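Residues per chain, in single letters:
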Amino acid sequence: MPMKSYVELLKLRIALMIALTAVTGYGAVAETVEPLHLALLVLVMVLGSGGSAVFNHVFDRDIDALMKRTRNRPMVVGTVAPTEALMLAGCLTLAGIVLAVSALNWVVAVHLFLGVFVYAVIYTVWLKRRTWWNIVFGGGAGSFALLAGAAVVQPSQWMLPALLAVTLFLWTPSHFWALSILLVDDYRAANVPMLPVVVGVERTAWCILGNSVLLVGSSLVPWAMGWLGTPYLIGAGLVGALLLGLNVKLVLTPSRYWAGWNFAASMPYLLGLFIAVFADKHWF
């Protein structure tokens, strides 16, 4: 089978974001950065994320066939057999967990497993086709990645990682609901109850704004509690103000154009938070 098809199943862009999230959790509690630990953490996260992504491809191949964006995926066009993909998903996940236990610690492995379980089972199997709450709870997968990164250093240091995990949990709906506006026709065709399908674009825009207010507010809690300092406050405040400004514009002009801008800005927002954490802990 073409190697390109297997690579596509891994959703490497998502895997990279999961790895960066874990690295941020590591950087939030580490006094010094150990390159070997970082390399192992990234590999563990990519393996776990890749395994859950492959399973997602297998389980969703029926609805993927109904949507323009996904109808050419390998599981839909048949370039990879479902049994082969499931074996790959299992091997990747198992390899990630075994490596986490043997090279890092069992707490990292537990968080890796929980992240995979949330994405593959809670989101993909239980919620995605049943309720618009799907992406709200599905976003917990990324939060476990951040906690896994922190556990590499010291599993008992949980307060700051937990606060950052809450922020990451709240980031996912704002990010994905903006994307859902862009793909609302696809989700409607596949009968997937993403929020814009259920309540319409205008109400979704208000939900994005409301969620982002909670998101930006939560991002400032680590500073308010004294866990992070002024460099983090400046960075989090700047990217938060930009995100909220775009959210307001979407509310005032609910359109695909401004939904696209909101979706595009959500990734730099998260990256900006990650950089602010590292800057505060290691550069100032």
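To start, this report covers the structure provided alongside it. These figures come from a predicted structure and were not determined experimentally.

Some details on unusual backbone geometry
Generally, phi is negative for residues other than glycine and the peptide bonds are trans, each holding for most cases.
Part 1 of the argument: Here the phi dihedral of K11 falls at roughly 50°; this positive angle occurs in a residue that is not glycine.
Part 2 of the argument: At N191, a position not held by glycine, the phi torsion is positive, near 60°.
Part 3 of the argument: For N191, the position within the fold is in the loop between α11 (184–189) and α12 (195–199).

Things to note about empty space enclosed by the protein
Part 1 of the argument: For the coordinates displayed, the defined rule picks out 1 cavity of 30 Å³ or more.
Part 2 of the argument: Reported here for the largest cavity is a volume of approximately 60 Å³.
Part 3 of the argument: Every residue lining the largest cavity is listed: T24, L146, L164, T167, L168, L270, L273, F274 and V277.
Part 4 of the argument: Residue assignment for the lining of the largest cavity shows that the elements contributing at least two residues are α10 (159–182) and α15 (256–283).
Part 5 of the argument: Here the element with the most residues in the lining of the largest cavity is α15; it accounts for 4 residues.

Things to note about the environment of L215
Part 1 of the argument: With respect to the helices and strands, L215 occurs in helix α13 (residues 201–224).
Part 2 of the argument: Take L215: its relative accessible area is 0%, and that puts it in the buried class.
Part 3 of the argument: For the pair formed by L215 and G200, sequence separation is 15 residues and the distance between their alpha carbons is 22 Å.

Re the layout of surface pockets
Part 1 of the argument: The volume enclosed by the largest pocket comes to roughly 1,300 Å³.
Part 2 of the argument: Lining the largest pocket we find 45 residues, and of these K11, I14, Y119, H175 and F176 sit closest to its centre.
Part 3 of the argument: Of all the secondary-structure elements, those providing two or more residues to the lining of the largest pocket are α1 (3–9), α2 (12–29), α3 (35–59), α7 (106–127), α8 (134–138), α9 (140–153), α10 and α15.
Part 4 of the argument: Looking at the lining of the largest pocket residue by residue, the class counts come to 24 nonpolar, 13 polar and 8 charged.

Thoughts on the side chain of T21
Part 1 of the argument: Secondary-structure assignment places T21 in helix α2.
Part 2 of the argument: With near-sequence residues (within four places) excluded, T21 lies in contact with G142, A145, L146, L168 and F274.

Topic: the nonpolar core
Part 1 of the argument: Counting 28 residues, the largest nonpolar core has F176, Y187 and L250 as its most contacted members.
Part 2 of the argument: Mapped onto this core, the elements with two or more residues apiece are α7, α8, α10, α13, α14 (230–252) and α15.
Part 3 of the argument: Examining the composition of this core, we find that 5 residues originate from one element, α10, more than from any other.
Part 4 of the argument: Setting aside residues no more than four positions away along its own chain, Y187 makes contact with M67, R69, F176, S180, V192, M194 and V197.

So, helix α6 (residues 82–104)
Part 1 of the argument: Between its first and last C-alpha, α6 extends 32 Å over 23 residues, near the 33 Å set by a 1.5 Å rise per residue.
Part 2 of the argument: By the burial criterion, the buried members of α6 are A85, A89, L92, T93, G96, A100 and L104.
Part 3 of the argument: Buried residues in α6 make contact with α1, α3, α5 (74–77), α7 and α9.

A closer look at the pattern of salt bridges
Part 1 of the argument: Taken as a whole and judged by the stated rule, the model has 5 salt bridges.
Part 2 of the argument: The residue D62 makes a salt bridge to R129 at a minimum N-O spacing of 2.8 Å. Taken together, the residues span a long stretch of sequence, with D62 in helix α4 (residues 61–64) and R129 in the loop between α7 and α8 at a distance of 67 residues.
Part 3 of the argument: Ionic pairing is found between R73 and D64, a salt bridge with its closest N-O pair at 3.2 Å.
Part 4 of the argument: One connected set of salt bridges, linked through shared partners, spans D60, D62, K128 and R129.

The rules behind each value
- Residues numbered from 1 in each chain as written.
- Predicted model: local features only at pLDDT ≥ 70, side-chain atom pairs only at ≥ 80, totals over all residues.
- Heavy atoms only, no water.
- Helix = DSSP H or I, 4+ residues; strand = E, 2+ residues; numbered from the N terminus.
- 1 Å grid on protein atoms, 1.4 Å probe; cavity = no way out; pocket = protein on both sides within 12 Å on 5 of 7 lines; lining within 4 Å.
- Points joined across faces, edges and corners; volume = space filled by probe spheres on them.
- Buried < 20%, exposed > 50% of the residue type's maximum accessible area, 1.4 Å probe, protein only.
- Nonpolar A, V, L, I, M, F, W, Y, C, P; charged D, E, K, R; others polar.
- Contact = heavy atoms within 4.5 Å.
- Core = buried A, V, L, I, M, F, W, Y, C linked by side-chain atoms within 4.5 Å.
- Expected span 1.5 Å × (residues − 1).
- Salt bridge = Lys/Arg side-chain N within 4 Å of Asp/Glu carboxyl O.

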